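Residue-level structural notes
These are the residues of each chain, in order.
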Amino acid sequence: MNIVTCTAPVNIAVIKYWGKRNEALILPINDSISASLDVAQLCAKTTVMSCPTFDSDRIWLNGREESIDNERLQSCIRNIKRQGTLSTGMEKWKVHICSINNFPTAAGLASSAAGYACLSTALAKLYKVNNDISAIARTGSGSACRSVFGGFVRWYMGVDAEGTDSIAKQIVPASHWPEMRIIILVVDDLRKKISSAIGMQRSVQTSELLRYRAEHCVPKRIEEMHQAIIHKNFEKFAELTIKDSNQMHAVCLDTYPPCSYLTDVSHAISDLIHAYNNAVHSTKVAYTNDAGPNTVLYLLEKNVPEIVGVLQHFFPPGNDQNIDYIRGNLPSGI
Ligand code: DP6
């Protein structure tokens, strides 16, 4: 029997991926940038086993067996087996996969990203794949290609129709900006109403703003963000993060029928952050939302106590608005 275990981090995009140019290959319409969180705090952990006596491929997620006949999962497993360099008959052994997350699944916290990054890395080790793992993870879930690396990561959309150049690369390791912190405000840990995959497909089909964003806004913004990260320019980083999150949600509302992911509590949090930044005359906190109501804050370590105090004052634990706080560091890697 062969066994490999890996962990992979959750990543939170600061320039969002929203829209595919090729659904089957999961190729995006724009570049995106994210930060990978500390694996000790928010991660997926996957063990893969292959054995000559297994008679079928099987998967367990968070302790429950799920169907292996999932198109994306199959495409990931197929890709790995095709690219594997094992040649002793072991490449034909069936595989059993066990994966667990230590955070709410499908609550807009990119669980599929960590999950597919982890699965791809573990299977690639098992089958001795030497090719780019981010490209394989991408075929499970687009944003998963960014979770293959720690630190700040850029997913290059690429131009090749087959997607050979649509891969992720690390911009800088987490040690480059060790003061960076995140706080995740879990507004609601129920499953999303409209998955990212369906939401972005609908946006591609119906939103004119999406095309404008991809052609005119993201190309400039992505370079500015890349530079802001390299130069550790927090104010610029925060402004771009906020603007890009809001633009993605504007695209979601421009979609027909619209995808509405944010709740009154998410809006109340962003209003509070703007009021706070305004009061201190600088952008000390950035907020961003993926396809769900939970808000992720990016801030520097020295500002954590004050911001947590402000948040707890306006959203006291146990009140109606019921926010849970998860605090995390950036440093991460598989
Ligand atoms: C809003 O990677 O979940 O989190 O490729 O269809 O699996 P699929 O979508 P997914 O989309 C993530 C979208 C996002 C923004 C981001 O992470 O960049």
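In what follows, the structure referred to is the one given above.
Computed from a predicted structure; not experimentally measured.

1. Let's talk about helix 7 (residues 264–279)
- For helix 7, spanning 16 residues, the distance from its first C-alpha to its last is 22 Å, which sits close to the expected 22 Å at 1.5 Å a residue.
- If you check which residues of helix 7 are buried, you get Val 265, Ser 266, Ile 269, Ser 270, Leu 272, Ile 273, Tyr 276 and Asn 277. Down the axis of helix 7, the buried set is contained in an arc of 155 degrees. They therefore lie on one face. Exposed and oriented more than 90 degrees from the buried face of helix 7 are Asp 264, Asp 271, Asn 278 and Ala 279.
- Where the residues of helix 7 are buried, they touch strand 12 (180–186), strand 13 (285–288), strand 14 (295–300) and helix 8 (304–314).
- At the exit of helix 7 stands His 281, carrying a positive phi of roughly 55 degrees.

2. Details of the packing of aromatic side chains
- Applying the stated rule across the entire model yields eight aromatic pairs.
- Measuring from ring centre to ring centre gives 4.7 Å for Tyr 17 and Trp 155, while their planes differ by 65 degrees; the resulting arrangement is edge-to-face. Taken together, the residues span a long stretch of sequence, with Tyr 17 in the loop between strand 2 (11–15) and strand 3 (20–22) and Trp 155 in strand 10 (residues 152–155) at a distance of 138 residues.
- With relative accessibility at 9%, the residue Tyr 17 sits in the buried group.

3. With respect to the pattern of salt bridges
- Tallied over the full model, the rule gives 13 salt bridges.
- Residues Glu 223 and Arg 154 are paired through a salt bridge, measuring 3.0 Å at the closest nitrogen-oxygen approach. Of this pair, Glu 223 sits in helix 5 (residues 208–230) while Arg 154 sits in strand 10; the two residues are 69 residues apart in sequence, bridging distant segments of the chain.
- Judged by relative accessible area, which is 39%, Glu 223 ranks as partly exposed.
- In this structure, the salt-bridge partner of Arg 181 is Glu 301, at a minimum N-O distance of 3.3 Å. With Arg 181 in strand 12 and Glu 301 in the loop between strand 14 and helix 8, this pair connects stretches of sequence that are 120 residues apart.
- By sharing partners, the salt bridges in this structure join Asp 31, Arg 154 and Glu 223 into a single network.

4. As for unusual backbone geometry
- Across the junction of Tyr 256 and Pro 257, the peptide omega takes the value -10 degrees, indicating a cis bond.
- Position of Pro 257 among the secondary structure elements: in the loop between helix 6 (234–254) and helix 7.
- Its identity as a non-glycine residue notwithstanding, Lys 128 has a phi of 55 degrees, on the positive side.
- Within the element layout of this structure, Lys 128 appears in the loop between helix 2 (111–126) and helix 3 (133–138).
- Phi at His 281 takes a positive value of approximately 55 degrees, unusual for a residue other than glycine.
- Along the chain, the position of His 281 falls in the loop between helix 7 and strand 13.

5. Brief notes about the environment of Ile 167
- Within the secondary structure, Ile 167 sits in the loop between strand 10 and strand 11 (168–172).
- In this structure the C-alpha to C-alpha distance between Ile 167 and Tyr 156, which are 11 residues apart in sequence, comes to 5.7 Å.

6. Here we look at the environment of Met 200
- Note that Met 200 resides in helix 4 (residues 196–206).
- Put simply, Met 200 and Tyr 287 are 87 residues apart on the chain and 21 Å apart in space, counted from C-alpha to C-alpha.

7. Section: the site of the ligand
- Surrounding the ligand, one finds 18 residues, the nearest of these being Tyr 17, Lys 20, Arg 72, Ser 141 and Ser 143.
- For the ligand, an oxygen atom lies 2.6 Å from a polar atom in the side chain of Ser 143.
- Its free accessible area being 460 Å², the ligand has 94% of it covered by the protein chains.
- Across the shell around the ligand, the residue classes break down as eight nonpolar, five polar and five charged.
- Residues lining the shell around the ligand come from more than one domain, with at least three contributed by each of domain 1 (2–172) and domain 2 (180–329).

8. Let's talk about the nonpolar core
- Of all hydrophobic cores here, the largest spans 77 residues; its most connected members are Val 48, Leu 123, Phe 152, Ile 229, Phe 237, Leu 297 and Tyr 298.
- Ranked by the residues each element gives to this core, the list is headed by helix 2, at nine residues.
- Lining this core are residues from two domains, each supplying at least three of them: domain 1 (2–172) and domain 2 (180–329).
- Among the nonpolar cores identified, the runner-up in size contains 18 residues, and Ile 26, Cys 145, Cys 259 and Ala 291 belong to it.

9. Things to note about the sheet that holds strand 2
- Spatial ordering of the open sheet is given by 2-5-10-11, a layout of four strands whose pairing is antiparallel. Here the strands that pair on one side only, and so sit at the sheet edges, are strand 2 and strand 11. Mean inter-strand twist for the sheet, computed between neighbouring axes without regard to direction, equals 35 degrees.
- As judged from the four bridges shared by strand 10 and strand 11, these two strands associate in the antiparallel manner. Paired with Trp 155 across the bridge in strand 11 is Ala 168.

10. Digging into the state of the cysteines
- Inspection of the entire model under this criterion finds zero disulfides.
- Free of any disulfide, Cys 43 has its nearest neighbouring cysteine sulfur in Cys 118, separated by 7.4 Å.
- Among the residues examined, Cys 43 registers a relative accessible area of 11% and is labelled buried.
- Free of any disulfide, Cys 217 has its nearest neighbouring cysteine sulfur in Cys 252, separated by 15 Å.

Analysis parameters
- Residues numbered from 1 in each chain as written.
- Predicted model: local features only at pLDDT ≥ 70, side-chain atom pairs only at ≥ 80, totals over all residues.
- Heavy atoms only, no water.
- Helix = DSSP H or I, 4+ residues; strand = E, 2+ residues; numbered from the N terminus.
- Expected span 1.5 Å × (residues − 1).
- Buried < 20%, exposed > 50% of the residue type's maximum accessible area, 1.4 Å probe, protein only.
- Arc of directions from axis to C-beta.
- Contact = heavy atoms within 4.5 Å.
- Phe/Tyr/Trp six-rings, centres within 6.5 Å; stacked < 30°, edge-to-face > 60°.
- Salt bridge = Lys/Arg side-chain N within 4 Å of Asp/Glu carboxyl O.
- Near = heavy atom within 4 Å.
- Polar contact = N/O pair within 3.5 Å; in protein donor to acceptor, adjacent residues only side chain to side chain.
- Areas by Shrake-Rupley, 256 points an atom, 1.4 Å probe, with all protein chains shown as cover.
- Nonpolar A, V, L, I, M, F, W, Y, C, P; charged D, E, K, R; others polar.
- Domains from an automatic or database assignment.
- Core = buried A, V, L, I, M, F, W, Y, C linked by side-chain atoms within 4.5 Å.
- Pairing = 2+ DSSP bridges.
- Axes fitted to C-alpha atoms, helices over the stretch in contact; angles between N-to-C directions.
- Disulfide = S-S within 2.5 Å.

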